[in-house]
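# Topology and contacts: notes
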Amino acid sequence: MRAVRRHAPDGMTGRAPTDGRKLKAVIADDEPRARQFLARLLSEHDEIELVGEAKSGGETLALVSRLSPEVVFLDIQMPDLSGLEVARHLTGEDAPVVVFVTAFDQHAVEAFEVAALDYLLKPIRRERLAETMRRVVQEIRSGKRGARQEAAVRSVLASPEVRQGLEPLRRLPVRFRREVKLLDLDQVARIVSRDRVVLACAEGREYLVDYTLQELEGRLPAGQFVRAHRAALVNIDAIESYGGEDGVLVLRLKDGSRVEASERRAAEVRRRLR
Amino acid sequence: MAVFPRPRWRPGEAWRSAWAWLVVAGYVVPLYFVGQIIVQGRLSARQYSWFQMFATAVGVFSLVERYGRTAPEDRRPSRSQRGLAMLVALLLLLDSALYWAYENEALVASLFQFPIYQLVFTVVTIGALFTPIIMAFLIARDPVFDPRRLLERGLPYALLSGVVAALYIAIVLAGQRLFAAVTGEEALAINVVAALVVAFVFAPLRSRLQRVLDRCSGATRWCCARRSTAPATSCCRRWIRDDARAAVEAALTRGLGRQVALEWPESGPPRLAAGEELPEDAASAVDNLLTQAGIRLENLALAEQRAAAERRAVELREAAMRAELRALHAQVQPHFLFNALNALSYLTETDPRAAQRFTERLADMLRYTVEAGTRSAALLADEIAFVEDYLGVARERYEGDLCFTYRGSRELLSATVPPLLLQPLVENSLKHGLAPGARGLAMSLEADRSDGWLTVTFLDDGTAGGNGAPGLGVGLENLEQRVRRFAGDEATMRAGPRPDGGYSVMLRWREHATEVTR
């Protein structure tokens, strides 16, 4: 992670840009050539200023929370976390406008069209980029983004074709203070839903997760987690012992907690533990 | 009051069922009206019309409830019966509506001005006259009142009554005689004893009798046939087949009064075993039965075959789909291609010379891929050259050093391997082994030949920090299948992380087998 030409003084991080100021942009792509190419193309636009480049999804999230750019160019295929997942965590009023960049994601592109999200196809064309830049600037100046983009990204991620094309989550994005952190799945002992929020329990702490348990069941690598009851996913590696207590299957985890499997899922849990 | 055609409640829980109370009301209220006429000499018209309205509503509801929803198969009414039932319900409703309107003279007078009302009135009145006939028809045709069914269910009780009465009388008479002979007096206690005995034997006797009758009348067979319409497992089918046999044999034994040996060929109707003689009069009946059984078994076999054919078709479809997927995965991923074009687009501006080299490598790589799709085998040397091209393209895309070395002997370079053997391996390494910020990735290939087996091992020194967890990707699984197709089912693949970091994939197959398949 490195900040390129970072000369936005701290006092100037207020959101709605005044007309004279350049828009701050971040590029996220795992391929250096692709980053260089996009940086070169962006340098031809006066209204924009590249403040950072990220090589992975996790870096992008960190960079965005540190530099609070107005625009993020997000490659979809990145090694740790897909660009779509990254976009999902860029929420709130301060969220940057997202422009997806993709080499080949047929279903995602169709979904972007439907959701009216900006995207660029590789190889990137100058005219297309100029058009996108005009739209982005307009959107930022209008001051109405955030909520619409959040809903659009969610709708794209909800499309079954897009979801099928996504790699399983190898790391779990969680909210940590005001940032997004990527937890290694080995660290996560269980993921529970409580009072309408989903929490990941890892190393004695609880983190807020932006996914529903049902989504996670489909997105986590097969076989690593098991749904013990309606409101809990348990990491199979984190289970120390299990057994029946008064006819209820109880899982005792290495972190000392206990999870009771519901009657409906007990058979499945047992099968997976065997 | 019509609770049609049969009120439903569970045995022993009648008084918890609303239907039961409705039936009671249906009997008691008319009695109340009769009493009213006797005592007061006249009927309260108001009360009577209320009763009628209520009764109509309940009747209509029970009609709809009986005929409007799905019933178990044995009690399911036909479509025409349903239609008739709904017609009756409609007529009853319309009739009571008209009846209600009739009490209001002013309203009726004004309504009768409309010819349409007159028509409706006439039709409904005539229709209402027909409702008893339709109801009688429905009751007569209702499966619940099927005489065969009634007979089947009623017969045990009738028979049992006779048996039990005989038992009772026998016990009483014998007991009395014995008692009188011993004591010289009659004893009523014997009656009590007999009643107790009868009471105790009643339930077990009844269930046994029912079972015997069921077996005789073929009720169990009928149940099996019904079960076979559900998606049956082969076990259940066999059971039905055996059951059909047992039924035929039992029927013959019953009819002829002795055991008859039968032969059951794999196809066609059953035959009498050689040496079995039949009485003259029974021959045609037995023939008939055996033919029927043959048809029945044939049908069962056909159903089985059809189910098997369907299963096979599904399996074939899936296999075809898998093959297609394999073919797709054996090619270069579109992601790779478009990303390469993106890099090329950049290079043409910044470094035309490099762009030219890049284009040449990409072209060589694509040419090899396209050709490999039409070939059934490739030389290891060509595969290695392809990997060099592939990495040449990848080097322009990724940071860090990507290197590949061949560590096998020179003569093995001319060994034949499945085309595009190495491409998924390299792709897998780049995808999973090349962590963001890593210095580079060193890949190597080892080849070894011994006892007619060729072993090819692909190694990398990647850190599993990229996309992750070591495991077989789709590409690698397809590779195993492709190698199997190339060299036979003995071919094996072992893939996993190496103890000293990195990942290794080992493929092994018998070489002479490849000579044959080529």
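Definitions and cut-offs
- The residue count restarts for each chain, going from 1 along the sequence in the order it is written.
- By the order in which they are written, chains take letters starting at A while ligands take numbers starting at 1.
- Selection of residues for local features in this predicted model requires a pLDDT of at least 70, selection of side-chain atom pairs for listing and counting requires 80 or more, and totals for whole chains, interfaces and linings are taken over all residues.
- Helical segments are the DSSP runs of H or I of at least four residues, strand segments are the runs of E of at least two, and each set is numbered from the N terminus.
- Backbone-placed C-beta atoms define the burial measure: a residue is buried with 20 or more other C-beta atoms within 10 Å of its own, exposed with 12 or fewer, and partly exposed in between.
- Here, residue contact means that the backbone-derived C-beta atoms of the two residues sit within 7 Å.
- The classification used treats Ala, Val, Leu, Ile, Met, Phe, Trp, Tyr, Cys and Pro as nonpolar, Asp, Glu, Lys and Arg as charged, and all other residues, Gly among them, as polar.
- Known as pLDDT, the predictor's per-residue confidence is scaled from 0 to 100.
- Axis lines are fitted to C-alpha atoms, over the contacting stretch for helices. Their N-to-C directions set the angle, which ranges from 0 to 180 degrees.
- Here a crossing is called left-handed whenever its near helix is offset anticlockwise from the far helix by less than a right angle, and right-handed whenever the offset is clockwise.
- Following DSSP output, two strands are said to pair if at least two bridges run between them.
- Think of a nonpolar core as buried Ala, Val, Leu, Ile, Met, Phe, Trp, Tyr and Cys residues, each tied to the set through C-beta atoms within 7 Å.
- How far a helix is expected to stretch is found by multiplying one less than its residue total by 1.5 Å.

Now for the overall build of chain B. Along its length, chain B carries 16 helices and nine strands. Of all 518 residues assigned to chain B, the portion counted as buried reaches 20%. Nonlocal contacts in chain B, meaning residues at least 24 apart in sequence, comprise 65% of its contacts between residues at least 6 apart.

Contacts between the two partners involve 19 residues from chain B and, on the opposite side, 20 residues from chain A. Elements with a contribution of two residues or more to the side of chain B that touches chain A: helix H11 (334-350) and helix H13 (380-397) of chain B. Here the side of chain B that touches chain A gets nine residues from one element, more than from any other, and that element is H11 of chain B. Taken together, the residues that form the side of chain B that touches chain A break down as eight nonpolar, eight polar and three charged.

Moving on to the confidence of the model for chain A. Averaged over chain A, the pLDDT score is 84; the fraction of residues at 70 or greater is 92%. Contacts from residues 1-18 of chain A, a stretch scored under 50 in pLDDT, to residues over four places away or in other chains number 24 contacts.

Once that is clear, we can look at the environment of Val123 of chain B. All names here are of chain B. Structurally, Val123 can be placed in helix H5 (residues 115-141). Judged by the 12 C-beta atoms lying within 10 Å of it, Val123 is exposed. Between the C-alpha atom of Val123 and that of Asp95, which follows or precedes it by 28 residues, the distance is 9.9 Å.

For the rest of this paragraph, the subject is the packing of helix H4 (residues 106-115) of chain A against helix H6 (residues 147-158) of chain A. Residues and elements named next belong to chain A. Closest axis-to-axis distance for the H4/H6 pair is 9 Å, and the angle between their directions is 145 degrees. As for how H4 packs across H6, the hand of that crossing is right-handed. In contact with Ala108, Ala111, Phe112 and Ala115 of H4, H6 contributes Ala152, Ser155 and Val156. A breakdown of the residues in the contact of H4 with H6 according to their chemical character gives six nonpolar, one polar and no charged.

A few words now on unusual backbone geometry. Following Lys122 of chain A, the chain continues to Pro123 of chain A via a peptide bond in cis, the omega torsion being -5 degrees. With respect to the helices and strands, the residue Pro123 of chain A is situated in the loop between strand S6 (118-121) and helix H5 (126-142). Look at Glu203 of chain A: it is not a glycine, yet its phi comes out positive at around 50 degrees. With respect to the element layout, Glu203 of chain A can be found in the loop between strand S10 (197-202) and strand S11 (205-209). The phi dihedral of Leu420 of chain B is positive, around 60 degrees, even though this residue is not glycine. Mapped onto the elements of the fold, Leu420 of chain B is located in the loop between strand S5 (416-417) and helix H14 (423-433).

Residues and elements named next belong to chain A. Every buried residue of helix H2 (residues 57-67) is accounted for by Gly57, Gly58, Glu59, Thr60, Leu61, Leu63 and Val64. Where H2 is buried, its residues meet strand S2 (23-28), strand S3 (48-54), strand S4 (71-75), helix H3 (83-88) and strand S8 (179-184). Ser68 occupies a position one or two residues after H2 and carries a positive phi of about 35 degrees.

All names here are of chain A. One open sheet holds the seven strands; their spatial order is S8-S7-S11-S10-S9-S13-S12, and the pairing between them is antiparallel. Every interior strand has two partners, whereas the edge strands, S8 and strand S12 (225-229), have only one. The sheet shows a mean angle of 35 degrees between the axes of neighbouring strands, direction not considered. With six bridges joining them, strand S7 (residues 171-176) and S8 adopt antiparallel strand pairing. Paired with Val174 across the strands is Lys181, a residue of S8.

Glancing now at the nonpolar core. Phe73, Leu74, Val99 and Val234 of chain A are the most contacted members of the largest nonpolar core, which has 124 residues in total. Top element by residues in this core is H13 of chain B. It accounts for seven residues. By size, the runner-up hydrophobic cluster in this structure holds 10 residues, among which are Tyr67, Val88, Leu91 and Leu92 of chain B.

Attention now goes to the environment of Ala435 of chain B. Residue and element names in this part refer to chain B. Within the element layout of this structure, Ala435 appears in the loop between H14 and strand S6 (440-450). You can call Ala435 buried: it has 20 C-beta atoms within 10 Å. Here the alpha-carbon distance between Ala435 and Gly462, two residues 27 residues apart in the chain, equals 7.5 Å.

A regular strand places its side chains on the two faces of the sheet in alternate fashion. Residue and element names in this part refer to chain B. The sheet contact formed by strand S4 (residues 401-406) and S6 spans six bridges and is parallel. For Leu402, the partnering residue across the bridge sits in S6 and is Leu441. Pairing geometry for S6 and strand S7 (residues 453-460), over eight bridges, is antiparallel. Across the sheet, the residue bridging to Glu446 is Thr457, located in S7.

All names here are of chain B. For helix H12 (residues 352-374), built from 23 residues, the straight-helix expectation of 33 Å at 1.5 Å per residue is met to within 8% by its first-to-last C-alpha distance of 34 Å. Residues of H12 that are buried include every one of Phe358, Arg361, Leu362, Met365, Tyr368 and Ala372, and no others. Against H11, strand S3 (378-379) and H13 lie the buried residues of H12.

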